[in-house]
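What the coordinates show
In case you want the letters, here they are:
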Amino acid sequence: MLLDLEPRGARSRVWTYASPLLAIALTVLVVGLFFAAIGKAPGRAVAVFFVAPLLGAGGLAALFVKAAPLILIATGLCVCYRANVWNIGAEGQFTLGAIAGGGVALGFPDAPFWLLYPAVLVAGVAGGTGWAAITAWLRTRFNANEILTSLMLSYVAQLLLTWLVTGPWRDPQGFGFPQTAEFAAGAATPMLAPGIYLGCLAAPVLALLVWLLLRHSVLGFELRVMGQAPRAARFAGFGETRLVWIAMLASGAMAGLAGVFEVTGPIGQLTNTISPGYGFTAVIVAFLGRLHPLGVVLAGLLLALSYLGGNAAQIDLGTPAAVTGIFQGILLFLLLGSDVLILYRVRRRAGAA
Amino acid sequence: MIFLLTSFIVSVIGAATPLLLAATGELLAERAGVLNLGVEGMMLIGAIAGFAVAHVTGSTLLGVLAAALAGVALALIFAFFALGLLANQIATGLALTIFGRGFSALAGAGYVGMAATTLPRLRVPGLSDLPFLGPVLFGHDGLVYFSFAAIIGVAWFLARTHAGLVLRAVGDSHDAAHAMGYKVLRIRAAATAFGGAMAGLAGAYLSLSYSPMWAEDMSAGRGWIALALVVFAGWRPGWLAAGAYLFGAVMFLSLYVQGFGLPIPSPFLSALPYLGTVLLLVLISRDRRLIRLNQPASLGRSFHPAR
């Protein structure tokens, strides 16, 4: 190797924010090469993937609808990851939010909107929070690794949803499809404009609130210290157990809210597949947004574009929808790789010719 | 009765083999200090590479080799970012899983629903026809025997060889190992590659033997269960083998009981392996001292040679 990494001695502020931009530029390049490798004209493929989805009628609305759950979940994950609490199971918390909110919606179809809708949202938040609480309890009480338990519980959550929509909650008039009846009007998330649901506004607003909270509260400081200097946090007397609970519950609540918004909004009922992997994509959103709720808003829009781009490529280029996952994986790799520039600078190796 | 027992043991070995293969590789990587959460992705890439190559060439041996190489290729991507560029290992492993899922789905799009060439059973004339012992010991395919050899080989390597001692030193204190002149990053990259090869083989076992076909996400979380098994085993090979077979039994029973028509909804039974994994993690992790004693001290930490 002719290049060497030399520690900067301090974090580079410039590269903290330049690294995502570098990663995005490199990703577009690599995705272009990738399309070329599978026999598609790279220029046109990149245009189809990144630009075309925004041009058509309703393109922006579709972008906001996909971005809302990503932003909500990733905002919660920022709280976790800042504290070095690795909640990887947001997908399961999202699912339980949808199930709990959907259950209330199905149970009281005749209730008026002003009563039912808030109850549905509260149930959704409680569902996500409760599912995250299992992981928090296992971590704080039994020291069980939260990465693995939260992930395993995501599989369990999906199976629970499958059971409900194929069994007790299946719509008797649904021709046997794995889905519930459509929710009543009293449980429907209102639209602010054609195609723009309440969640699209709630997501950036909540991101802003969480940012203010993390920045200006002692709690935000405690979480950061626990993440970056756990020993210092211990000496300072910040209770680790308490912080793990707060971080897990906060991210579970956000994921649950995202889940209930999704099924009462764009989907309108419970089905067997309510998420194209939002809980996992949100991990990328959180990192790309620098674990900063405002960065998360921008990153959420970009990753939302990757879903639309994957669909557009499927229609225009005949590539499978899986291209979205490939894009997301490459983006996260290149982002993590670019982040090396925050702490190190690249030098020619001394003596290497 | 003896017939039931025989078929039970054979089925459990089948369900346990992919877990054992993948977990053996991850165990060695983690003993070198590398936490690669991309096992699921490498397994899926191995499954499609093995399936596709065996389908095209008609040779399961070439398929198995391709699966191992595909796993190594993905592991080296991980090594480049997590070891070379000092990226966070947890996030890099997740990226590997997301990428592997997407890439395997893309590569496998043309193979969905096709019948696989299955791995041949290696029969020993005479011995394979013995009652009970024949099917239990002498009726498996090559990857099952390889999984036995691999876990024994890794146990021997770690406990009895100088190279194994060096690898453990790298995992326990990379600074000390570096000071003694060992190439920390090279050793870690090699261990990561071994983990990739084993995960790839686990995938090949799924698509060429256990359920001979290709389907998106066919590993269904086995890569994550393998990761949990390594923790459960306390990073010790003997316990790993025991855990893998215990989980093979759980996975087999959760499938088998579904065929009985019991009044238990099948999603509940399907959830058993995942709930079992959580339970196992809880049982083992509550003993903090055991985890602290056995976990490689440098696990998941980046290493940058200062000099």
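Now for a look at the structure at hand.

Each value, and the rule that gives it
- Residues numbered from 1 in each chain as written.
- Chains lettered and ligands numbered in written order.
- Predicted model: local features only at pLDDT ≥ 70, side-chain atom pairs only at ≥ 80, totals over all residues.
- Heavy atoms only, no water.
- Phe/Tyr/Trp six-rings, centres within 6.5 Å; stacked < 30°, edge-to-face > 60°.
- Helix = DSSP H or I, 4+ residues; strand = E, 2+ residues; numbered from the N terminus.
- Buried < 20%, exposed > 50% of the residue type's maximum accessible area, 1.4 Å probe, protein only.
- Patch = residues over 30% accessible without salt bridge, like charges linked within 9 Å, V, L, I, M, F, W, Y side chains within 5 Å.
- Areas by Shrake-Rupley, 256 points an atom, 1.4 Å probe, with all protein chains shown as cover.
- Salt bridge = Lys/Arg side-chain N within 4 Å of Asp/Glu carboxyl O.
- Contact = heavy atoms within 4.5 Å.
- Expected span 1.5 Å × (residues − 1).
- Polar contact = N/O pair within 3.5 Å; in protein donor to acceptor, adjacent residues only side chain to side chain.
- Buried area = accessible area lost by both parts, 1.4 Å probe.
- Nonpolar A, V, L, I, M, F, W, Y, C, P; charged D, E, K, R; others polar.
- Axes fitted to C-alpha atoms, helices over the stretch in contact; angles between N-to-C directions.
- Parallel < 35°, antiparallel > 145°, perpendicular 65-115°, else oblique.
- Left-handed = near helix turned anticlockwise from the far one by under 90°.
- Core = buried A, V, L, I, M, F, W, Y, C linked by side-chain atoms within 4.5 Å.
- 1 Å grid on protein atoms, 1.4 Å probe; cavity = no way out; pocket = protein on both sides within 12 Å on 5 of 7 lines; lining within 4 Å.
- Points joined across faces, edges and corners; volume = space filled by probe spheres on them.
- Lys, Arg positive; Asp, Glu negative; His and termini not counted.

It is worth spelling out the packing of aromatic side chains at this point. Overall, the coordinates contain 25 aromatic pairs over all chains when judged by the stated rule. Note on Tyr145 of chain B and Phe148 of chain B: the rings are 6.1 Å apart at their centroids and 80° apart in plane angle, and the pair reads as edge-to-face. Taken together, the positions of Tyr145 of chain B and Phe148 of chain B, both in helix H6 (residues 142-160) and 3 residues apart, correspond to about one turn of that helix. A residue is classified by how much of its surface remains accessible, and Tyr145 of chain B, at 25% relative accessible area, is partly exposed. Note on Phe148 of chain B: relative accessible area 28%, which makes it partly exposed. One aromatic cluster is present, built from ring pairs that chain together Phe34, Phe35, Phe49, Phe50, Phe327 and Phe333 of chain A together with Phe80, Phe81, Phe99 and Phe103 of chain B.

Let's shift gears to a nonpolar patch on the surface. All names here are of chain B. A cluster of nonpolar side chains, namely Ile2, Phe3, Leu4, Leu5, Phe8, Leu253, Tyr256, Phe260, Leu262, Ile264 and Phe268, defines an oily patch on the protein surface of about 1100 Å² accessible area. Looking at the nonpolar patch, the elements that each hand over two or more residues are helix H1 (2-31) and helix H11 (237-256). Per element, the largest residue contribution to the nonpolar patch is 5 residues, and it comes from H1. Position of Ile2 among the secondary structure elements: in helix H1. By relative accessible area, which is 56% here, Ile2 ends up exposed.

We now examine the environment of Asp287 of chain B. Mapped onto the fold, Asp287 of chain B is located in the loop between helix H13 (272-285) and helix H14 (288-294). Given a relative accessible area of 33%, Asp287 of chain B falls into the partly exposed group.

Here we come to the environment of Ile330 of chain A. Among the structural elements, Ile330 of chain A can be located in helix H14 (residues 323-338). In sequence terms Ile330 of chain A and Val28 of chain A are 302 residues apart; their C-alpha atoms lie 9.6 Å from each other. In this structure, Ile330 of chain A is in contact with Thr27 and Val30 of chain A together with Phe99 of chain B, ignoring residues within four places of it in sequence.

Let us look at helix H7 (residues 146-166) of chain A. Side chains three or four residues apart in an α-helix point the same way, a direct result of the helix having 3.6 residues per turn. Residues and elements named next belong to chain A. Across its 21 residues, H7 extends 30 Å between first and last C-alpha, which sits within 8% of the 30 Å expected from 1.5 Å per residue. Within H7, 16 of the 21 residues are buried, which leaves the element mostly enclosed by the surrounding structure. The backbone nitrogen of Ile147 lies 2.7 Å from a side-chain oxygen of the residue at the head of H7, namely Asn145.

A few words on the environment of Ala149 of chain B. All names here are of chain B. Following the sequence through the fold, Ala149 ends up in helix H6. A relative accessible area of 46% places Ala149 in the partly exposed class. Ala149 sits 70 residues away from Ala79 along the chain, and the two C-alpha atoms are 26 Å apart.

Here we come to the interface of chain A and chain B. How big an interface is tends to be expressed through the accessible area that disappears when the partners come together. Listed per partner, the contact involves 39 residues of chain A and 45 residues of chain B. Taking both partners together, chain A and chain B bury about 3800 Å²; carbon and sulfur atoms supply 85% of that area. The largest per-residue losses of area from chain A upon contact with chain B belong to Leu148, Met152 and Phe333 of chain A, which jointly make up 19% of the total buried on that side. Where chain A meets chain B, there are 0 salt bridges. Where chain A touches chain B, the interface holds 4 residue pairs in polar contact (both at pLDDT 80 or more). Per-element tally for the side of chain A that touches chain B: the top contributor is H14 of chain A, with 11 residues. Looking at the side of chain A that touches chain B, its residues break down into 31 nonpolar, 8 polar and no charged.

The subject of this paragraph is the side chain of Ser104 of chain B. All names here are of chain B. Within the secondary structure, Ser104 sits in helix H4 (residues 89-108). On the accessibility criterion, Ser104 (1% relative accessible area) is buried. Excluding residues within four positions of it along the chain, Ser104 makes contact with Leu44, Ile45, Ile48 and Trp214.

A separate point is unusual backbone geometry. All names here are of chain B. Positive phi, normally seen in glycine, also occurs at Ala220, with a value near 50°. Residue Ala220 is classed as partly exposed on the basis of its relative accessible area of 31%. In this model, Trp235 sits at a positive phi of 60°, which is unusual for a non-glycine residue. Relative to the elements of secondary structure, Trp235 occurs in the loop between helix H10 (222-232) and H11. Trp235 sits in the buried class, given a relative accessible area of 2%.

This paragraph deals with the packing of H10 of chain B against H13 of chain B. Residues and elements named next belong to chain B. Two elements in contact, H10 and H13, have axes separated by 9 Å at closest approach and are oriented at 20°. By the angle between their axes, H10 is roughly parallel relative to H13. The handedness of the crossing between H10 and H13 comes out as left-handed. Together, Ile225, Ala228, Leu229, Val231 and Phe232 of H10 and Pro273, Tyr274, Thr277, Leu280, Leu281 and Ile284 of H13 make up the contact between the two elements.

Ile73 and Tyr81 of chain A together with Trp224 and Leu229 of chain B are the most contacted members of the largest nonpolar core, which totals 204 residues. Sorting elements by how many residues they give to this core places helix H4 (residues 59-82) of chain A first, with 15 residues. Dropping the residues within four chain positions of it, Trp224 of chain B is found in contact with Ile147, Leu148, Leu151, Met152 and Tyr155 of chain A together with Leu37, Glu40, Leu94 and Thr97 of chain B. Tyr111, Ala116, Leu206 and Met218 of chain B belong to the second-largest nonpolar core, a separate cluster that totals 10 residues.

Turning to empty space enclosed by the protein, a few remarks are in order. The tally for this structure, following the rule as stated, stands at 2 cavities of 30 Å³ or more. Forming the boundary of the largest cavity are Val65, Ala68, Pro69, Leu72, Thr189, Tyr197, Gly199, Cys200, Ala258, Phe261, Glu262 and Pro266 of chain A. Going through the elements one at a time, H4, helix H8 (198-216) and helix H11 (240-267) of chain A are the ones with two or more residues in the lining of the largest cavity. Residues belonging to the lining of the largest cavity are distributed by class as follows: 9 nonpolar, 2 polar and 1 charged. The computed volume of the second largest cavity comes to approximately 30 Å³. Taken together, Ile225, Ala228, Leu229, Phe232, Phe247, Thr277 and Leu280 of chain B make up the lining of the second largest cavity. The set of elements that each furnish at least two residues to the lining of the second largest cavity consists of H10 and H13 of chain B.

All names here are of chain B. Note on placement: Arg31 falls in helix H1. Buried within the structure, Arg31 lacks any salt-bridge partner; its nearest side chain of opposite charge belongs to Asp172, at an N-O separation of 5.9 Å. Polar contacts involving the side chain of Arg31 include one to the main-chain carbonyl oxygen of Trp235, which spans 2.6 Å.

A word on the pattern of salt bridges. Residues and elements named next belong to chain A. Applying the stated criterion across every chain yields a total of 7 salt bridges over all chains. The salt bridge involving Glu222 is made with Arg242; its shortest N-O contact spans 3.1 Å. Residue Glu222 is located in helix H9 (residues 218-228), and its partner Arg242 is located in helix H11; the two are separated by 20 residues in the primary sequence. The partly exposed category is assigned to Arg242, whose relative accessible area is 42%. Between Arg290 and Asp339 there is a salt bridge, with the nearest N and O atoms lying 2.9 Å from each other. Highlighted residues: Arg290 in the loop between helix H12 (278-288) and helix H13 (293-316) and Asp339 in the loop between H14 and helix H15 (340-343), separated in sequence by 49 residues. The pair formed by Arg290 and Asp339 is uniform in burial state, with each residue classed as buried. Overlapping salt bridges bring together Glu6, Arg345 and Arg347 as one network.

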